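Structural description and commentary
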Amino acid sequence: IDGTLFRHFAYSARVETRTGDPEFRDVFLRFQRFNSFQLQAGHFKIPFGLDQLTDSGELNFVQRSRIGSIVAPGRDTGAMVLGEISESKIRYAAGVFRHDGRNSEIEDFAAVNQTLPGGNRTLAARVVIQPTELLSISTPPVRQLSVGAAFTHSELATGLSSLTGVTASNQVFFPRMYAKRTRVRRGAELKVVAGTTSLQGEFMDAREERLDQGLRGENLPALRTRGWYVSAVQPVIGRLNNS
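Residues numbered from 1 in each chain as written. Predicted model: local features only at pLDDT ≥ 70, side-chain atom pairs only at ≥ 80, totals over all residues. Heavy atoms only, no water.

1. Examining the overall build of the chain
- Secondary structure summary: the chain contains five helices and 13 strands in total.
- Within the span of the chain, comprising 243 residues, buried residues form 41% of the whole.
- Within the chain, counting contacts between residues at least 6 apart in sequence, those at least 24 apart form 60% of the total.
- For the chain, the accessible surface area stands at approximately 13900 Å², while carbon and sulfur atoms represent 56% of it. (Helix = DSSP H or I, 4+ residues; strand = E, 2+ residues; numbered from the N terminus. Buried < 20%, exposed > 50% of the residue type's maximum accessible area, 1.4 Å probe, protein only. Contact = heavy atoms within 4.5 Å. Areas by Shrake-Rupley, 256 points an atom, 1.4 Å probe, with all protein chains shown as cover.)

See the structure below:
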């Protein structure tokens, strides 16, 4: 359900029913009087990861990237500011959230994620720039080019709170481990549309501290989760969706 209230307010409510009991996924209210500065509050995706922020109906593949499903934070309750600058040539989003997100794609496969503690208060930010549009290149070599970067900082709950590694075949290959203090995610993204060919890729890195986790209370080396993907699509019949 999507709609508007009093011209300058937009709302959205989406419910997931395939898992049995209905569950609200996105429920938020947005003040959108200005394109360059909007306010949004409720339960929605934390701004991190091109693949994870793409609606399921617009994905080129059946499954999202594995690194994106593992590292990207998913949905949570919070508030953020967002907007578009220079005629949509620069898009940004930054917010604060109660926790560091529930990624349903991982939780459906690993029930351990639903019961053990994860990240607490999270700060997140993302910016996407279209260089050819920003530099006013009259005859750009590609139809669309966008580059972006994202960042999150979470306070970890003490205990088994690290990220979990799960394969596409529902197998846990890296269980949760004891962690303490902070989790920092960093991401970079690129999307190119040249003719009828679409190319996109991402690099993600997560660092989780393990302070006082040694046998004698010493600090252990931080856990690192990193990876990347590149995907290309060339339609055989019809035109490429350039949205």
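What follows picks up the thread again.
2. Comments concerning the nonpolar core
- With 10 residues, the main nonpolar core is built from Phe 48, Ile 67, Ile 70, Val 71, Ala 72, Ala 150, Leu 163, Met 204, Ala 206 and Tyr 229.
- For this core, the elements supplying multiple residues, two or more each, are helix H2 (66-71) and strand S12 (197-210).
- Here the element with the most residues in this core is H2; it accounts for three residues.
- Formed by eight residues, the second largest nonpolar core is a distinct cluster that contains Met 80, Ala 93, Phe 97 and Ala 124. (Core = buried A, V, L, I, M, F, W, Y, C linked by side-chain atoms within 4.5 Å.)

3. What to know about the pairing of strand S8 (residues 144-160)
- Relative to S8, strand S7 (residues 119-129) runs antiparallel, the two being bridged by nine bridges. Across the sheet, Ile 129 pairs through a bridge with Val 147, a residue of S8.
- When S8 meets strand S11 (residues 178-194), the two strands line up antiparallel, connected through 15 bridges. From the neighbouring strand, Ser 154 faces S11, where its bridge partner is Arg 183. (Pairing = 2+ DSSP bridges.)

4. So, the environment of Gln 63
- Along the polypeptide, Gln 63 turns up in the loop between helix H1 (50-53) and H2.
- For Gln 63, a relative accessible area of 49% corresponds to the partly exposed category.
- Sequence separation of Gln 63 and Ala 168 is 105 residues, and the distance between their C-alpha atoms is 8.4 Å.

5. Description of empty space enclosed by the protein
- Following the criterion strictly, the structure yields two cavities of 30 Å³ or more and no others.
- Of the pockets and cavities examined, the largest cavity occupies roughly 40 Å³.
- Around the largest cavity, the lining residues are Gly 49, Gly 148, Ala 149, Ala 150, Gly 187, Ala 188, Glu 189, Glu 202, Phe 203 and Met 204.
- Of all elements in the fold, only S8, S11 and S12 reach the threshold of two or more residues within the lining of the largest cavity.
- One number sums up the size of the second largest cavity: a volume of about 30 Å³.
- Around the second largest cavity, the lining residues are Asn 60, Ser 198, Leu 199, Gln 200, Ser 231 and Val 233.
- Of all the elements in the fold, those that place two or more residues in the lining of the second largest cavity are S12 and strand S13 (220-233).
- Here the element with the most residues in the lining of the second largest cavity is S12; it accounts for three residues.
- When its residues are assigned to classes, the lining of the second largest cavity shows two nonpolar, four polar and no charged. (1 Å grid on protein atoms, 1.4 Å probe; cavity = no way out; pocket = protein on both sides within 12 Å on 5 of 7 lines; lining within 4 Å. Points joined across faces, edges and corners; volume = space filled by probe spheres on them. Nonpolar A, V, L, I, M, F, W, Y, C, P; charged D, E, K, R; others polar.)

6. Some words on the pairing of strand S1 (residues 2-5)
- Where S1 lies against strand S2 (residues 9-16), four bridges are found, and the strand directions are antiparallel. Residue pairing in the sheet places Leu 5 in a bridge with Phe 9 of S2.
- Turn length for the S1-S2 hairpin, with the two strands adjacent in sequence and antiparallel, is three residues, and the turn residue Phe 6 shows positive phi of about 50 degrees.

7. Looking at the pattern of salt bridges
- Across all of its chains, the model carries 13 salt bridges by this definition.
- In this structure, Arg 224 and Asp 205 form a salt bridge, with 3.0 Å as the shortest nitrogen-oxygen distance. Within this pair, whereas Arg 224 is found in strand S13, its partner Asp 205 is found in strand S12, the two being separated by 19 residues in sequence.
- We classify Asp 205 as buried; its relative accessible area is 1%. (Salt bridge = Lys/Arg side-chain N within 4 Å of Asp/Glu carboxyl O.)

8. Digging into the packing of aromatic side chains
- Taken as a whole and assessed by the stated rule, the structure comprises three aromatic pairs.
- Ring centres of Phe 9 and Phe 31 lie 5.2 Å apart, and the angle between their planes is 55 degrees; this geometry places the pair in the tilted category. A residue pair is termed long-range when its members are at least 10 positions apart, and Phe 9 in strand S2 and Phe 31 in strand S3 (residues 23-31) qualify at 22 residues.
- A relative accessible area of 29% places Phe 9 in the partly exposed class. (Phe/Tyr/Trp six-rings, centres within 6.5 Å; stacked < 30°, edge-to-face > 60°.)

Note that all results are geometric; they support no functional claim without further evidence.
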